[in-house]
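Architecture at a glance
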Amino acid sequence: MNDITQSRQVAAAPDKVRSLPGHATVGTNDLNAASVFYDKLLAVFGIGRVLVQPNRAIYYGHRTLEFGIIKPFDGRPATVGNGGMIAFEAPSRSKVDEAHATALAAGGSDEGAPGPRGENGTGPYCAYFRDPEGNKFLVFRSGADEA
């Protein structure tokens, strides 16, 4: 993982082109505690810190911003969005399992154990959890595992 101690963004072309979103963020009321959780969770995907704004935000990604944890700019408490969820695509079913287990071990809560979804289990392989502050996440793999 990258441990950047000052505010800076690493600009590089991503490994593969993706469409929206450019990056997603969740709010936090305790940046230090949230960073411990996300350092562990995102390491499952080989993702580290790419931008740190001390006492304000930490952004993660392979080489560019993909996900961030932030203290709200307006200074009011961060709250969980009702109906909001962030989805992380995993390269394999085993990474879905690992991410779910890592999230729970790091203080998250279960919202749906890993397994196939959809009619007769023919849909994507998914797992759901919440981070320690209540934000909901999906980790999924559609189709065959990447090589």
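Residues numbered from 1 in each chain as written. Predicted model: local features only at pLDDT ≥ 70, side-chain atom pairs only at ≥ 80, totals over all residues. Heavy atoms only, no water.

Structural notes on the overall build of the protein chain
Definition in use: Each helix corresponds to a stretch of at least 4 residues labelled H or I by DSSP, and each strand to a stretch of at least 2 residues labelled E; elements are numbered beginning at the N terminus. With a 1.4 Å probe rolled over the protein chains alone, any residue whose accessible area is under 20% of its type maximum counts as buried; one over 50% counts as exposed, and the rest are partly exposed. Any two residues whose heavy atoms approach within 4.5 Å are treated as being in contact.
The helix and strand inventory of the protein chain stands at two helices and eight strands. Overall, the protein chain shows an N-to-C arrangement of helices and strands of β-α-β-β-β-β-α-β-β-β. Going through the 147 residues of the protein chain one by one, you find that 37% of them count as buried. Considering only intrachain contacts with a sequence separation of at least 6, the fraction spanning at least 24 residues in the protein chain is 60%.

A look at the layout of surface pockets
Filter applied, for reference: Here a cavity denotes a set of grid points, spaced 1 Å apart and computed over the protein atoms alone, in which a 1.4 Å probe fits but from which it cannot get out, and a pocket denotes an open set meeting protein on both sides within 12 Å along at least five of seven lines; residues with an atom within 4 Å of a point are reported as lining. Grid points are joined across faces, edges and corners, and a volume is the space filled by probe spheres set on the points. In this classification, the charged set is Asp, Glu, Lys and Arg, the nonpolar set is Ala, Val, Leu, Ile, Met, Phe, Trp, Tyr, Cys and Pro, and all remaining amino acids, among them Gly, are polar.
Of the volumes computed, that of the second largest pocket is approximately 150 Å³. What lines the second largest pocket is Leu31, Asn32, Ser35, Arg49, Val52, Gln53, Pro54, Asn55, Ala57, Ile58 and Lys71. Mapped by element, the contributors of at least two residues to the lining of the second largest pocket are α1 (31-43), β2 (48-53) and β3 (57-61). Looking at the lining of the second largest pocket, its residues break down into five nonpolar, four polar and two charged.

Observations regarding the sheet that holds β3
Cut-off, in case you're wondering: Strand pairing requires that DSSP identify at least two bridges connecting the strands. The convention used is that axes are lines fitted to C-alpha atoms, helices contributing only their stretch in contact, and that angles between N-to-C directions extend from 0 to 180 degrees.
Across the sheet, four strands lie side by side as β1-β4-β3-β2; this open sheet has mixed pairing. If you trace the sheet from one side to the other, it starts and ends with β1 (24-27) and β2, each paired once. This sheet shows a mean twist of 20° between the axes of neighbouring strands, independent of strand direction. The sheet contact formed by β1 and strand β4 (residues 67-70) spans four bridges and is parallel. Paired with Val26 across the two strands is Ile69, which belongs to β4.

Section: the pattern of salt bridges
So the rule is basically this: Salt bridge, as applied in this entry: a Lys or Arg side-chain nitrogen positioned within 4 Å of an Asp or Glu carboxyl oxygen.
In the structure shown here, the tally under the stated rule is seven salt bridges. Residue Glu89 is joined to Arg141 by a salt bridge in which the shortest nitrogen-to-oxygen separation is 3.5 Å. Here Arg141 lies in strand β8 (residues 136-141) and Glu89 lies in strand β5 (residues 86-89), a separation of 52 residues in the sequence. Classification of Glu89 by relative accessible area gives partly exposed; the value is 35%. Between Asp145 and Arg93 there is a salt bridge; the shortest N-O distance is 3.3 Å.

Comments concerning helix α2 (residues 93-105)
Rule in force here: Take the residue count of a helix, subtract one, and multiply by 1.5 Å to get its expected span. Think of it as the arc spanned by the lines of direction from the helix axis to the C-beta atoms.
Given a rise of 1.5 Å per residue, 13 residues ought to cover 18 Å, and the 18 Å separating the end C-alpha atoms of α2 matches this to within 8%. Taken together, the buried positions of α2 are Val96, Ala99, His100, Thr102 and Ala103. End-on, the buried residues of α2 take up no more than an arc of 165°, which puts them together on one face. Buried residues along α2 sit against α1, β6 (109-116), β7 (125-130) and β8. Of the residues flanking the end of α2, it is Gly107, one or two places downstream, whose phi is positive at about 110°.

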